[in-house]
Amino acid sequence: MSCLFIDYWSLIIIALGLFLGSFANVLIYRLPKGESILLPGSYCPNCRKSIRWYDNVPVFSYILLKGKCRDCKTAISLQYPVFELLTALSLVIIWFRFNYPMYLFIGYALFVFWLIVISGIDFNHRIIPDELSMSLIVIGLLFSPFNLNLGENAGTRVLTSVIGGISGPLLFYIISYAGSKVFKKEALGGGDIKLVAGIGVFLGWYVLIISVFLGSLIGTIVSLILILLKKKSFGDYLPYGPFLSLGAFLALIFL
Ligand SMILES: [Zn+2]
């Protein structure tokens, strides 16, 4: 019976994840341009025709339309279905890891949703909008009394969260300072520092340190692979937000 219960809920979470992923695409595409996120409805960036509701079903429409706009036949970015699937997958993993109590799932689902939108914008535009990192910090602090992973009682949880929010940027300033001495240039942006504060308030200071380490390690490995494939050269800029986010997600799931 409990197994059936989980299957039933998983389907709901997958559907929710696909539609949240579709909304993440709207945020990723429109926030950096300063466009309204509610109106107008989805439209083709090329011919600007409105997308019909039946062509706007996450993932499925992309497959049915063979990745092309129905009106002008321009290729639709593969990013759309990828972010929809990524959001659904992340949410299902969060659900299996933290499905009880429900508010724990909701708190972490919001965290992961924010990380996905931030990663998408950083990947495309190499910026992390302040409204996203700042709201992540606020949500993390509001969630902290209920964040069961941060301590025995509400008081300790809030304290662990606040220390996480402060120690992240502090750690980054130290790395940044050391990096500027070694590489003679600015290693990290202000957007990354605010993001790491947001991750800190959700994870607490000890998990945060591991998550930053994981994110940096994965970022370094990916950079080296790109250099070996001659897609990048030493000193090229690689957005750090997606790697920090991935590190945070892995630390959240495995610790
Ligand atoms: Zn079009």
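Residues numbered from 1 in each chain as written. Predicted model: local features only at pLDDT ≥ 70, side-chain atom pairs only at ≥ 80, totals over all residues.

This paragraph deals with the overall build of the protein. Scanning the protein from terminus to terminus reveals 8 helices and 0 strands. Overall, the protein shows an N-to-C arrangement of helices and strands of α-α-α-α-α-α-α-α. For a compact globule of 255 residues, the expected C-alpha radius of gyration is about 18 Å, and the protein comes in at 19 Å, within 12% of that figure. In terms of principal-axis extent, the alpha carbons of the protein reach across some 55 × 50 × 35 Å. In the protein, which comprises 255 residues, the proportion classed as buried is 35%. By sequence separation, contacts in the protein at least 24 residues apart represent 67% of the contacts at least 6 residues apart. (Helix = DSSP H or I, 4+ residues; strand = E, 2+ residues; numbered from the N terminus. Rg over C-alpha atoms; globule rule 2.2 N^0.38 Å. Buried ≥ 20, exposed ≤ 12 C-beta atoms within 10 Å, placed from the backbone. Contact = placed C-beta atoms within 7 Å.)

Moving on to the environment of Leu 203. Here Leu 203 is to be found in helix α7 (residues 190–228). C-alpha separation for the pair Leu 203 and Leu 226, spaced 23 residues apart in sequence, amounts to 30 Å. Residues contacting Leu 203, with those up to four places away along its chain left out, are Gly 164, Leu 208, Ser 211, Ala 248, Ala 251 and Leu 252.

With their axes 7 Å apart at the nearest point, α7 and helix α8 (residues 241–254) run at an angle of 100° to one another. Relative to α8, α7 is oriented roughly perpendicular. In the contact of α7 with α8, the residues fall into 16 nonpolar, 5 polar and 1 charged. (Axes fitted to C-alpha atoms, helices over the stretch in contact; angles between N-to-C directions. Parallel < 35°, antiparallel > 145°, perpendicular 65-115°, else oblique. Nonpolar A, V, L, I, M, F, W, Y, C, P; charged D, E, K, R; others polar.)

Let's shift gears to the domain arrangement of the protein. Assigned domains of the protein: these are domain 1 (1–97) and domain 2 (103–255). One C-alpha centre belongs to domain 1, the other to domain 2, and the line joining them spans 24 Å. If you look at the interface, domain 1 gives 15 residues, while domain 2 gives 15 residues. Among the elements that make up the side of domain 1 that touches domain 2, the one with the highest residue count is helix α3 (residues 79–97) (9 residues). Here the side of domain 1 that touches domain 2 is built from residues that sort into 12 nonpolar, 2 polar and 1 charged. (Domains from an automatic or database assignment.)

Now for helix α4 (residues 102–125). Across its 24 residues, α4 extends 35 Å between first and last C-alpha, which sits within 8% of the 34 Å expected from 1.5 Å per residue. Directly beyond the C-terminal end of α4, a positive phi value near 60° is found at Arg 126. (Expected span 1.5 Å × (residues − 1).)

Viewed as axis vectors pointing N to C, α4 and α8 meet at an angle of 160°, and their least axial separation amounts to 8 Å. By the angle class used here, α4 and α8 are roughly antiparallel. Considering only the axes of α4 and α8, their crossing is left-handed. Here α4 contributes Tyr 108, Val 112, Leu 115, Ile 118, Ser 119, Asp 122 and Phe 123 to the contact with α8, which in turn contributes Gly 241, Pro 242, Ser 245, Ala 248, Phe 249 and Leu 252. Here the contact of α4 with α8 is composed, by residue class, of 9 nonpolar, 3 polar and 1 charged. (Left-handed = near helix turned anticlockwise from the far one by under 90°.)

Take the nonpolar core next. Counting 49 residues, the largest nonpolar core has Val 112 and Val 117 as its most contacted members. Only α1 (2–30), α3, α4, α5 (130–143), α7 and α8 provide two or more residues apiece to this core. Residue contributions to this core peak at 12 residues, all from α7. Of the residues that make up this core, three or more belong to each of domain 1 (1–97) and domain 2 (103–255). In this structure, Val 117 is in contact with Ala 24, Leu 27, Ile 28 and Leu 132, ignoring residues within four places of it in sequence. (Core = buried A, V, L, I, M, F, W, Y, C linked by C-beta atoms within 7 Å.)

As a further point, take the environment of Val 158. When you line up the elements, Val 158 lands in helix α6 (residues 154–183). Residue class for Val 158 comes out partly exposed when judged on the 17 C-beta atoms lying within 10 Å of it. Between the C-alpha atoms of Val 158 and Phe 202, which are 44 residues apart in sequence, the distance is 10.0 Å. Ignoring anything within four residues of it in the chain, the contact list for Val 158 reads Ser 144 and Pro 145.

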